[in-house]
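Chain and residue survey
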Amino acid sequence: MRHHPASPSSRLRLAFASLLLVVPAAARAQAARISGERVVPDGPLWIQKAVVYQIYPQTFYDSNGDGVGDLPGIIQKLDYVKSLGVDAIWINPFFDSPFNDAGYDIRDYYEVAPRYGTNDDARRLFEEAHRRGLRVLFDYVISYTAIDHPWFVDSTREERSPHSNWYVWTDNAWKSEEGELCNRFVHGYGQRNGNFMLNFYWSEPALNFGFHQPDPEKKWQLPVDHPDVLALREELRKVLRFWMDMGADGIRADMAGALVKGKGSDEDTKAFWRDIRGTFRTAYPEGFMVSEWSGPRDALDGAFHADFFHWFEGYNDLAQKESWRILNGFSEGHSFFDSAGKGNIAHFLSKYLEQYEATRSKGYVCLPLGNHDLARLNVRRTDAELEMIMAFGITMPGVPFLYYGNEIGMRQLYGLPQIEGAYYPRSGARTPMQWTPGRNLGFSTADPAKLYLPVDAATDAPNVEAQQADPRSLLNKVRRLIALKHSEPALAAYAEFVPLYAKENAYPLVYARADGADVVLAVFNPAARPESAEFPFATPYRSLRLLAGKDVAVTRRAGTLRFDVAGQTYAVYRLER
Ligand code: NOJ
């Protein structure tokens, strides 16, 4: 970690910037101020201003007309990806798989699945991306394998093999486990007298990273330094090196916190990832490690550069609190980003700030702008509402991850078949990218019945071609927002985040981002009604320059600033000194 205090002159200028933070007392009682102090976590420089675009390979672009997207298809669309202004792509798993979980269930870590192409296509994809200044992250899925991975098949046999201990097997098929592990075992599979542990779906047997404190009564619980466990870890490091040496630029680590088993295992899991971080430091210093842990305090503790904040209390408060928006039966209430204006941004912030403040010097907390496991942002939303959510995601700290299709406002689709473990709402968010108004919306030349998932049948389904041509389209607005991430020092991943007005059950939300003397203010009023905010503000400035959104009425009084914001309006301003 490097601390760079702002320069002496900017420090003087910022000395005025003493601001009261308006969030619930429980979250914070003390006054906050914009210090502009630069706290830069260790990691590659390029991620500091990066935006990452997530590509679901099944449904991005089908180059050979078989109805399923593929790697050559991604290559053909790299110019488009580059035109968004993003810095990198994360591609969901593209490895050989039986596809019980859309490819997360890997059968061969060293081979591209034939439906996506070949290893040569992957090599070419890395090269073509690099030629355009784009980096590529691959999905590193190592907490389990596919059920028909040869290692697992080997481990199911009665006779011992080098892979017998690579999975977690009990030693008595008749005996059930009790306590926290009780629901984690599959009984009656294979010849071996025992039950195997799963890590997600039943067909995803857990790889054996050992137990934090093996129960001496249960000899099958191996310690983390058991030679077979260590051999497995080395093999998984080899997998990492294989793709990184081929040209990948980093990893998104699936279920990163779920490796070592047993109570208190986080420290051991962290130790594994810290070791991988060591490999990055020495062999791939430009490589980016981002985790699906949703536990930044652990994930960023010497292990990852960034962690997603989505399987986390508070995340749903942003944009998917309503049961009809989250669509998985697990949430009730109101989103902050909703015209009804009944959300509670303070709840999101209290959870977010706990993590942000504890990890600011260590790494980045990333808020995904959609992903393949979440319903689309566009569940009954207008383009203006979607733009506001994009503006929020892009101006918050960390590295924004933008899910393909959300830049044009692709809608959540309903009534789709469950495919490859994509129980609803996943399937409705994984439909083909909409490139043109033509056949299959330009995704594929296949017979529509052969598509991986159907395309949006609405006559007004958004598409890239139409939006490229319209300067006021969501696509072009998102491009301009992404560009701000590069042009504004105060929007760097590490730049300071200071909520200025964020009250319990109230609108609008106002916050500052700051790096030295560079300050950006963001104000969001998703509610349909006008709202206003007055808050202490002593930072001197000459004028506010609008960077995105629409001007709001600003009243400057001694020591305070007041924003009167029309309904459904946001603004991002730079302070001009
Ligand atoms: C998270 C992935 O994003 C999801 O799609 C998958 O089903 C589970 N992890 C299991 O890997």
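Here we summarise the structure given alongside this text. (Residues numbered from 1 in each chain as written. Predicted model: local features only at pLDDT ≥ 70, side-chain atom pairs only at ≥ 80, totals over all residues. Heavy atoms only, no water.)

1. Things to note about empty space enclosed by the protein
Counting across every chain of the model gives three cavities of 30 Å³ or more. Here the largest cavity is characterised by a volume of approximately 180 Å³. Around the largest cavity, the lining is made up of 19 residues, and of these Tyr315, Ala319, Pro368, Leu377 and Ile389 lie nearest the centre. Elements supplying a minimum of two residues to the lining of the largest cavity: helix 9 (316-319), strand 16 (368-369) and helix 12 (383-395). Among the elements that make up the lining of the largest cavity, the one with the highest residue count is helix 12 (three residues). One number sums up the size of the second largest cavity: a volume of about 60 Å³. Lining the second largest cavity are Tyr356, Thr359, Arg360, Gly363, Tyr364, Val365, Pro397, Gly398, Ala493, Tyr494 and Ala495. (1 Å grid on protein atoms, 1.4 Å probe; cavity = no way out; pocket = protein on both sides within 12 Å on 5 of 7 lines; lining within 4 Å. Points joined across faces, edges and corners; volume = space filled by probe spheres on them. Helix = DSSP H or I, 4+ residues; strand = E, 2+ residues; numbered from the N terminus.)

2. Topic: the pattern of salt bridges
Evaluated as defined, the whole model comprises 40 salt bridges. A salt bridge links Asp121 to Arg124, with the shortest nitrogen-to-oxygen separation between them at 3.7 Å. Of this pair, Asp121 and Arg124 both sit in helix 4 (residues 119-131), three residues apart, roughly one helical turn. Looking at Asp121, the relative accessible area reads 14%, which means it is buried. (Salt bridge = Lys/Arg side-chain N within 4 Å of Asp/Glu carboxyl O. Buried < 20%, exposed > 50% of the residue type's maximum accessible area, 1.4 Å probe, protein only.)

3. As for the pairing of strand 25 (residues 569-576)
For strand 25, a buried count of six out of eight residues is recorded, marking the element as mostly surrounded by other parts of the structure. Pairing of strand 20 (residues 518-525) with strand 25 involves six bridges; the strand directions are antiparallel. Pairing of Phe524 across the sheet is with Tyr570, part of strand 25. (Pairing = 2+ DSSP bridges.)

4. Observations regarding the site of the ligand
Surveying the vicinity of the ligand reveals the residues Asp101, Tyr104, Tyr144, Phe200, Arg252, Asp254, Met255, Glu292, His372, Asp373, Arg426 and Arg430. Within the side chain of Asp101, a nitrogen or oxygen atom sits 2.9 Å from an oxygen atom of the ligand. Protein contact buries 98% of the 290 Å² of open area that the ligand shows by itself. The site holding the ligand turns out to be the largest pocket. Residues of the shell around the ligand, tallied by class, amount to four nonpolar, one polar and seven charged. (Near = heavy atom within 4 Å. Polar contact = N/O pair within 3.5 Å; in protein donor to acceptor, adjacent residues only side chain to side chain. Areas by Shrake-Rupley, 256 points an atom, 1.4 Å probe, with all protein chains shown as cover. Sits in = over half its atoms within 2 Å of the grid points. Nonpolar A, V, L, I, M, F, W, Y, C, P; charged D, E, K, R; others polar.)

5. Focus on the pairing of strand 9 (residues 135-140)
Taking burial as the measure, the six residues of strand 9 include five buried ones, the bulk of the element. By the bridge criterion, four bridges tie strand 6 (residues 88-91) to strand 9 in an arrangement that is parallel. Bridging across to strand 9, Ile91 finds its partner in Phe138.

6. Observations regarding the packing of aromatic side chains
For the coordinates displayed, the defined rule picks out 59 aromatic pairs. Centre to centre, the rings of Tyr53 and Phe60 are 6.0 Å apart; their planes meet at 70 degrees, and the pair counts as edge-to-face. Of the two residues examined, Tyr53 and Phe60, each falls in the buried class. Note that Arg376 overlies the ring of Tyr404, its terminal NZ or CZ placed 4.7 Å from the centroid. Arg380 extends its terminal NZ or CZ atom over the ring of Trp324, reaching a point 4.0 Å from the ring centre. (Phe/Tyr/Trp six-rings, centres within 6.5 Å; stacked < 30°, edge-to-face > 60°. Lys NZ or Arg CZ within 6 Å of the ring centre and 35° of its normal.)

7. Considering helix 4
Here helix 4 spans 18 Å end to end across 13 residues, near enough to the 18 Å set by a 1.5 Å rise per residue. Those residues of helix 4 lying buried are Asn119, Asp121, Ala122, Leu125, Phe126, Glu128 and Ala129. Structurally, helix 4 contributes buried residues whose contacts are with helix 2 (71-76), helix 3 (78-83), strand 6, strand 8 (108-112), strand 9 and helix 6 (227-246). Phi turns positive, to about 75 degrees, at Gly133, one or two residues after helix 4. (Expected span 1.5 Å × (residues − 1). Contact = heavy atoms within 4.5 Å.)

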